[in-house]
Amino acid sequence: MKWLELQESPIKGYLSHSQIFKWMTCRLAFYYRYVQKIRTALPAKVILGLSYHNAMEASFKTKARDRWYNDIGPDAFVTDFDSAKTRTEITWDEPQAAVRAQGLALVGLYGTQIAPTVPMTDETRVEKRMDTEIGGVKVRGYIDLISDDHILVDHKTSGRRKKAAELQDDLQTTIYEYGMVKEGIPIAGRAWHSAVRLKKPVVEVLTAPPAADRFATLEQVVTGVDLDMRTGNFYPSGFPKNCG
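Residues numbered from 1 in each chain as written. Predicted model: local features only at pLDDT ≥ 70, side-chain atom pairs only at ≥ 80, totals over all residues. Heavy atoms only, no water.

(A) Spatial organisation of the overall build of the chain. Within the chain, the secondary structure is distributed over 8 helices and 7 strands. Here the chain has a C-alpha radius of gyration of 19 Å; the compact-globule value for 244 residues is 18 Å, and the two agree. For the chain, the spread of C-alpha atoms along the three principal axes comes to 55 × 45 × 30 Å. Residues classed as buried in the chain amount to 44% of the 244 residues present. For the chain, long-range pairs separated by at least 24 residues make up 71% of all intrachain contacts whose partners lie at least 6 apart in sequence. For the chain, the distance from the average position of its 33 positive side-chain charges to the average position of its 30 negative side-chain charges is 4 Å. (Helix = DSSP H or I, 4+ residues; strand = E, 2+ residues; numbered from the N terminus. Rg over C-alpha atoms; globule rule 2.2 N^0.38 Å. Buried < 20%, exposed > 50% of the residue type's maximum accessible area, 1.4 Å probe, protein only. Contact = heavy atoms within 4.5 Å. Lys, Arg positive; Asp, Glu negative; His and termini not counted. Charge placed at Lys NZ, Arg CZ, Asp CG, Glu CD.)

(B) Focus on the packing of aromatic side chains. Evaluated as defined, the whole model comprises 10 aromatic pairs. Pairing tyrosine 31 with phenylalanine 234 gives two aromatic rings, centres 4.9 Å apart and planes at 35 degrees, and the pair type is tilted. Note that tyrosine 31 is positioned in helix 2 (residues 27-35) and phenylalanine 234 in the segment after helix 8 (215-229), a separation of 203 residues in sequence. Considered together, tyrosine 31 and phenylalanine 234 belong to a single accessibility category, that of buried residues. Their ring planes at 75 degrees and their centres at 6.1 Å tell us that phenylalanine 60 and tyrosine 110 sit as a pair that is edge-to-face. With phenylalanine 60 in helix 3 (residues 44-66) and tyrosine 110 in helix 5 (residues 96-113), the pair connects residues that are 50 residues apart, well separated along the chain. You'll find phenylalanine 60 and tyrosine 110 in the same group, each marked buried. Taken together, the ring pairs connect Trp23, Phe30, Tyr31, Tyr32, Tyr34 and Phe234 into an aromatic cluster. (Phe/Tyr/Trp six-rings, centres within 6.5 Å; stacked < 30°, edge-to-face > 60°.)

(C) Expanded view of the sheet that holds strand 6 (residues 189-196). Taken in spatial order, the 5 strands make up an open sheet running 3-4-5-6-7, and their pairing is mixed. Edge positions in the sheet fall to strand 3 (126-134) and strand 7 (202-208), since each has one partner strand and no second. The sheet shows a mean angle of 35 degrees between the axes of neighbouring strands, taken without regard to direction. Strand direction decides the pairing type here: strand 4 (residues 137-146) and strand 5 (residues 151-158), joined by 2 bridges, are antiparallel. The residue bridging leucine 145 from the neighbouring strand is valine 153, located in strand 5. Taken strand by strand, helix 7 (residues 171-183) contacts strand 3, strand 4, strand 5 and strand 6, and its axis lies near 80 degrees from that of strand 3. (Pairing = 2+ DSSP bridges. Axes fitted to C-alpha atoms, helices over the stretch in contact; angles between N-to-C directions.)

(D) Representation of helix 7 in the model. The first and last C-alpha atoms of helix 7 sit 19 Å apart over 13 residues, in line with the 18 Å expected at 1.5 Å per residue. Most of helix 7 is tucked away: 10 of the 13 residues are buried. Within helix 7 the residues assigned to the buried category are Leu171, Gln172, Thr173, Thr174, Ile175, Tyr176, Glu177, Tyr178, Gly179 and Met180. Looking at the residues trailing helix 7, positive phi occurs at glycine 184, about 80 degrees. (Expected span 1.5 Å × (residues − 1).)

(E) Expanded view of the packing of helix 3 against helix 4 (residues 73-83). Between helix 3 and helix 4, the least distance of the axes is 8 Å, while the angle of their chain directions is 140 degrees. Considered as vectors, helix 3 and helix 4 are oriented oblique to each other. The crossing of helix 3 and helix 4 is right-handed. On the side of helix 3, the interface is formed by Ile47, Leu48, Leu50, Ser51, Tyr52, Asn54, Ala55, Ala58 and Ser59, while helix 4 contributes Gly73, Ala76, Phe77, Asp80 and Phe81. Class assignment of the residues belonging to the contact of helix 3 with helix 4 gives a composition of 9 nonpolar, 4 polar and 1 charged. (Parallel < 35°, antiparallel > 145°, perpendicular 65-115°, else oblique. Left-handed = near helix turned anticlockwise from the far one by under 90°. Nonpolar A, V, L, I, M, F, W, Y, C, P; charged D, E, K, R; others polar.)

Laid out in structure tokens, this is it:
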């Protein structure tokens, strides 16, 4: 593939965590997704994750308004999951009914085990848009939840149980925390609320302290990625695992 010589970033307006991470993972995959804008069919597990996130958003916005946890999550999940096929192409690499049932089980577990323990009275801090500059680079993201006790919460769905050490070095929540600090929003810590797609579904909370000690490194990463993008060198880094 011939290298493209660009005078400016191929991404207009702002970068997102997903774009930064994709660039760091495989530049060629970044090129296909964000420059050529090639869309591929989404696997079933991604549809489950998207519908799960939308169910969490609906549930916590309701909780913030009503001041108690009215578990509308299962209904919100079903509505979103069942309509997904009208919005995007899906590869059902797992039986549709089984994926749907698994997602419902995870949403139900979260609603009974975790959600009632999360203090939330401010609807504006559910799926909160964050616009910030990191080292002069404009970055946008959407924070799943900032609880009343100042915990930055990121909802995760995964096929394996995650480790707290992964959260400690997580790029996404560090970007979000950076934006919160610049906005003057207090932060007491970060958390992954992880829904794990096992034969027996599990939901669990992993926590980490604030990541302010990583901000200098974050600035170097984001400004370096932004500068790198202007080279137009979309070679298949991460070969072969991350560029398939």
